[in-house]
Amino acid sequence: MKYENFKFGNDTLVFWDAFKVELLDFELENKKIIRYFRKKGFGKWDKAAKIISRSGLANFREPFIIEPWNQILIDEANVYGTLIDENKEKALRGIITDQEVLKETKMSVAKIVKENLIWVARGQMVCHPDSLIYGEIDEIWYDKKTDTYIVGDTKTATSVDKMTYWYQLSIYIEILRALNPNKNISSVGVIDWVKIKKEKWVYNKNFDESLWQDWIGKVATINDPVYKARWNAKTPIPIEETNSLIKRDLERDQIIKQAKQDIELISQFKISSVDVFKDKLKKDPEFKESNSKLQSQYDFIKNKLK
């Protein structure tokens with residue numbers, strides 16, 4: 001059975017307006033490639049060419065804060081998540097052998113096949129047609145029977161039914177709908193939740209958080225003493241497997257409405273970057289009031305989901 005048809009996705013969906021924006025990238029020290037969009041027709045360093053990212057906006061609605069003594073857990077989780085993502089990508093594109101396909105990938109594919117869906121895009125960069133916001137969609141599936149496209153994400157976290165994840169998908173749904181007004185983009189967001197856990201971290205009983213307060217606000221690295229201060233090592237446990245598709249009607253839950261209004265805010269106040277967002281909060285009373293109302297709305301929806 002065919003699990004993907006990326007050509008169909010490219011032929012039927014628009015992901016950005018090539019006349020308005022260009023997709024660029026740069027490489028970090030760890031060899032990770034960062035992709036981003038800029039408006040066309042501006043100089044290389046012109047700030048007017050900037051476009052705010054989905055993650056930049058999301059971090060204002062719900063800042064991701066990690067204590068430096070827990071950074072080791074986040075780093076490990078990112079390594080595992082990247083491993084699963086890359087393996088699925090290679091498997092679907094047929095560039096690895098069956099023996100190289102991880103069990104997590106097989107679990108994901110089996111669920112999608114059972115739903116009678118196929119992949120039509122993966123790791124797909126998208127940018128709003130008015131050059132307002134951009135991001136990278138993990139999964140886009142297609143239901144041939146209903147001629148419907150479904151936006152999804154793969155998560156390997158301990159819990160996934162979170163406002164921050166649904167908000168992310170809602171922004172992508174809004175971008176795809178704006179780009180493809182004649183296509184049926186489902187309001188149901190889907191999280192492919194897959195995880196195999198074979199060991200867990202052992203807590204250091206002698207850890208005293210008060211001794212590490214000077215590290216608050218700093219990003220710990222593997223060479224910093226705080227990095228391994230809270231966690232001794234890992235110990236084997238009976239294998240735990242998580243394998244589910246988590247679905248939410250994001251229209252019903254008002255999260256798509258939130259995403260749409262936030263995108264309108266970006267448009268109205270010409271928010272092109274995180275720096276502009278911060279500056280507006282300090283200097284523009286009208287923006288501060290509008291943003292505060294939307295933040296309250298975001299927090300209200302988040303509390304309803306709990």
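Described in the following lines is the structure provided in the data block. As the structure is a computational prediction, the values presented were derived from the model and not from experiment.

**Notes on helix α3 (residues 71-92)**
- If you check α3, its first and last C-alpha atoms are 32 Å apart, about what 22 residues at 1.5 Å a residue would give, namely 32 Å.
- Every buried residue of α3 is accounted for by Q71, I72, Y80, I84, N87, K88 and L92.
- The first or second residue beyond α3 is G94, which carries a positive phi of 70 degrees.

**A few points about the pairing of strand β6 (residues 148-155)**
- The element β6 is extensively covered by neighbouring structure, given that 8 of its 8 residues are classed as buried.
- Alternating residues of β6 divide into T148, I150, G152 and T154 and Y149, V151, D153 and K155, and every residue in both groups is buried.
- Across 5 bridges, the pairing between strand β5 (residues 133-143) and β6 is antiparallel. Within the sheet, the bridge partner assigned to D143 lies in β6 and is T148.
- Counting the residues that bridge the hairpin from β5 to β6 gives 4 residues, and of these D147 lies at a positive phi of roughly 55 degrees.
- By the bridge criterion, 2 bridges tie β6 to strand β7 (residues 184-185) in an arrangement that is parallel. Paired with Y149 across the strands is I185, a residue of β7.

**Overview of the packing of helix α2 (residues 54-61) against helix α7 (residues 274-283)**
- Packing of α2 against α7 brings their axes to within 10 Å, and their N-to-C directions diverge by 35 degrees. For the pair α2 and α7, contact is made by G56, L57 and F60 and by V274, F277, K278 and L281, respectively.
- In terms of residue class, the contact of α2 with α7 is built from 5 nonpolar, 1 polar and 1 charged.

**Thoughts on the side chain of R54**
- For R54, the location among the structural elements is in helix α2.
- The charged side chain of R54 is buried without a salt bridge, its nearest counter-charge being D153 at 6.6 Å.
- Once residues lying within four places of it in the same chain are set aside, the contact partners of R54 are I133, Y134, G135, Q168, I171 and Y172.

**Brief notes about the pattern of salt bridges**
- In total, this model carries 25 salt bridges according to the counting rule given.
- K247 is the salt-bridge partner of E115, the closest N and O atoms lying 2.7 Å from each other. With a gap of 132 residues between them, E115 in the loop between α4 (103-114) and β4 (118-127) and K247 in strand β9 (residues 231-249) connect regions that are remote in the sequence.
- With a relative accessible area of 44%, K247 lands in the partly exposed category.
- Taking the shortest distance from any N to any O, the salt bridge between K155 and D153 comes out at 3.1 Å.
- Given the relative accessible area of 15%, K155 is considered buried.
- D153 gets classed as buried once you look at its relative accessible area, which sits at 2%.

**Quick look at the packing of aromatic side chains**
- Per the counting criterion, the structure on display carries 13 aromatic pairs.
- Ring centres of W69 and F207 lie 5.7 Å apart, and the angle between their planes is 55 degrees; on these two criteria the pair is classed as tilted. A residue pair is termed long-range when its members are at least 10 positions apart, and W69 in the loop between α2 and α3 and F207 in the loop between β8 (188-203) and β9 qualify at 138 residues. Exposure class is identical for W69 and F207. Each is buried.
- An aromatic cluster of at least three residues, connected via ring pairs, comprises F60, F269, F277 and F287.
- Lying over the aromatic face of F6, R93 brings its terminal NZ or CZ to 4.0 Å of the ring centre.
- Sitting above the plane of the W215 ring, K218 keeps its charged end 5.5 Å from the centroid.

**Describing helix α8 (residues 285-305)**
- For α8, with 21 residues, the first-to-last C-alpha span of 30 Å sits near the 30 Å given by 1.5 Å per residue.
- All of the buried residues in α8 are F287, N291, L294, Q295, Y298, I301 and L305. Considered in projection along α8, the buried side chains sweep an arc of 125 degrees and stay on one side of the axis. For α8, the exposed residues set more than 90 degrees away from the buried face come down to P285, K293, F300 and K304.

Calculation notes
- Residues numbered from 1 in each chain as written.
- Predicted model: local features only at pLDDT ≥ 70, side-chain atom pairs only at ≥ 80, totals over all residues.
- Heavy atoms only, no water.
- Helix = DSSP H or I, 4+ residues; strand = E, 2+ residues; numbered from the N terminus.
- Expected span 1.5 Å × (residues − 1).
- Buried < 20%, exposed > 50% of the residue type's maximum accessible area, 1.4 Å probe, protein only.
- Pairing = 2+ DSSP bridges.
- Axes fitted to C-alpha atoms, helices over the stretch in contact; angles between N-to-C directions.
- Contact = heavy atoms within 4.5 Å.
- Nonpolar A, V, L, I, M, F, W, Y, C, P; charged D, E, K, R; others polar.
- Lys, Arg positive; Asp, Glu negative; His and termini not counted.
- Salt bridge = Lys/Arg side-chain N within 4 Å of Asp/Glu carboxyl O.
- Phe/Tyr/Trp six-rings, centres within 6.5 Å; stacked < 30°, edge-to-face > 60°.
- Lys NZ or Arg CZ within 6 Å of the ring centre and 35° of its normal.
- Arc of directions from axis to C-beta.

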